[in-house]
Amino acid sequence: MMLFCLLFSLGEQGKYASAISLREKLFANYSKHILPSIDEEKPVEVFYNFALNQIMLVNILEMSVKLLIWNRIKWIDRNLKWNPQDYNNVTQITVESDIIWKPDLVISESTKVEKPALIDMEYELQYTGEITVLTINVIVSEKLHIPKFCAKTNFFCSLGKIILN
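Residues numbered from 1 in each chain as written. Predicted model: local features only at pLDDT ≥ 70, side-chain atom pairs only at ≥ 80, totals over all residues. Heavy atoms only, no water.

Visitor: Explain the pairing of strand β5 (residues 122–126) residue by residue, including any values.
Guide: As defined by bridge partners, strand β3 (residues 92–96) adjoins β5 across five bridges and the pair is classed as antiparallel. From the neighbouring strand, Thr94 faces β5, where its bridge partner is Glu124. Sheet topology places β5 next to strand β6 (residues 130–141); two bridges connect them, and they run antiparallel. Bridge pairing links Glu124 to Thr132 in β6. (Pairing = 2+ DSSP bridges. Helix = DSSP H or I, 4+ residues; strand = E, 2+ residues; numbered from the N terminus.)

Quick look at the structure:
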């Protein structure tokens, strides 16, 4: 058992050293200011998914709603690909947000985004160049359309009647 643990530990140290070497090579001449599109004539495809985690507050009198949203954002950076066999089969590394190109995503003007208490998200980088980040946002929308009788009478309104702009 002790021999297995020692061999496992040495294998992990080898992967760690390979990841450090990989990181140094990838970012030696990398610029986050260069658009990472596969074809310079085409825009970068950014995939955005979100999930409603929680309805935090519905204020019928102020016609507002506060939501906790989980976001997943993905894109491919053609400048950050590698062959895992060259780096002890390392297939992914984690990178800080301030060293890579990131898409500018803006939420509609009808809402405001309250920043969560998260400091500098880390991004997962796959050997294919695919970058994924998971974030959490609190979104407040102040443009709800709720039937007037709800606001006047303070009766409970079905969420099915609330329409977000």
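Visitor: Help me get a handle on unusual backbone geometry, residues and values and all.
Guide: For Met63, which is not a glycine, the phi torsion comes out positive at approximately 55°. With respect to the helices, strands and loops of the structure, Met63 is situated in the loop between β1 (47–59) and β2 (64–76). You will see that Asn89, though not glycine, has its phi angle at about 60°, which is positive. You can see Asn89 is positioned in the loop between β2 and β3. We classify Asn89 as partly exposed; its relative accessible area is 47%. (Buried < 20%, exposed > 50% of the residue type's maximum accessible area, 1.4 Å probe, protein only.)

Visitor: If you had to explain the packing of aromatic side chains to someone new, which residues and values would you point to?
Guide: One pass over the structure, following the stated rule, counts four aromatic pairs. With a centroid separation of 5.9 Å and an interplanar angle of 80°, the aromatic rings of Trp75 and Trp101 are classed as edge-to-face. Separated by 26 residues along the polypeptide, Trp75 in strand β2 and Trp101 in the loop between β3 and β4 (111–114) bring together distant segments of the chain. Plain terms: the ring middles of Trp75 and Tyr123 are 6.1 Å apart, the flat faces sit at 65° to each other, and that makes the pair edge-to-face. (Phe/Tyr/Trp six-rings, centres within 6.5 Å; stacked < 30°, edge-to-face > 60°.)

Visitor: Kindly report on the nonpolar core, identifying the contributing residues and their values.
Guide: Among the nonpolar cores identified, the biggest contains 19 residues, and Leu26, Trp75, Leu80, Ile93, Ile100 and Leu125 are the most heavily contacted of them. Every element with two or more residues in this core is listed here: α1 (2–27), β2, β3, β5 and β6. Considering every element that reaches this core, the biggest residue donor is α1, with three residues. For Ile93, the residues in contact, after removing those within four places along its chain, are Ala19, Leu22, Arg23, Leu26, Trp82, Tyr123, Glu124 and Leu125. (Core = buried A, V, L, I, M, F, W, Y, C linked by side-chain atoms within 4.5 Å. Contact = heavy atoms within 4.5 Å.)

Visitor: With reference to specific residues and values, describe the pattern of salt bridges.
Guide: Counted according to the given criterion, the structure contains one salt bridge. Across the pair Glu96 and Arg23 runs a salt bridge, and its minimum N-O distance is 2.4 Å. Placement of Glu96 in strand β3 and of Arg23 in helix α1 is noted, with a sequence separation of 73 residues between them. Residue classification places Arg23 among the partly exposed positions, given a relative accessible area of 25%. (Salt bridge = Lys/Arg side-chain N within 4 Å of Asp/Glu carboxyl O.)

Visitor: Explain the pairing of β2 to me, using residue names and the numbers behind them.
Guide: Alignment of β1 against β2, held across eleven bridges, turns out to be antiparallel. Bridging from a neighbouring strand, Asn59 pairs with Ser64 of β2. Where β1 hands over to β2, the hairpin turn is made up of four residues, of which Met63 adopts a positive phi near 55°. As judged from the twelve bridges shared by β2 and β6, these two strands associate in the antiparallel manner. Within β6, the position partnered with Ile76 by the bridge is Glu130.

Worth remembering: the numbers are spatial, not functional.
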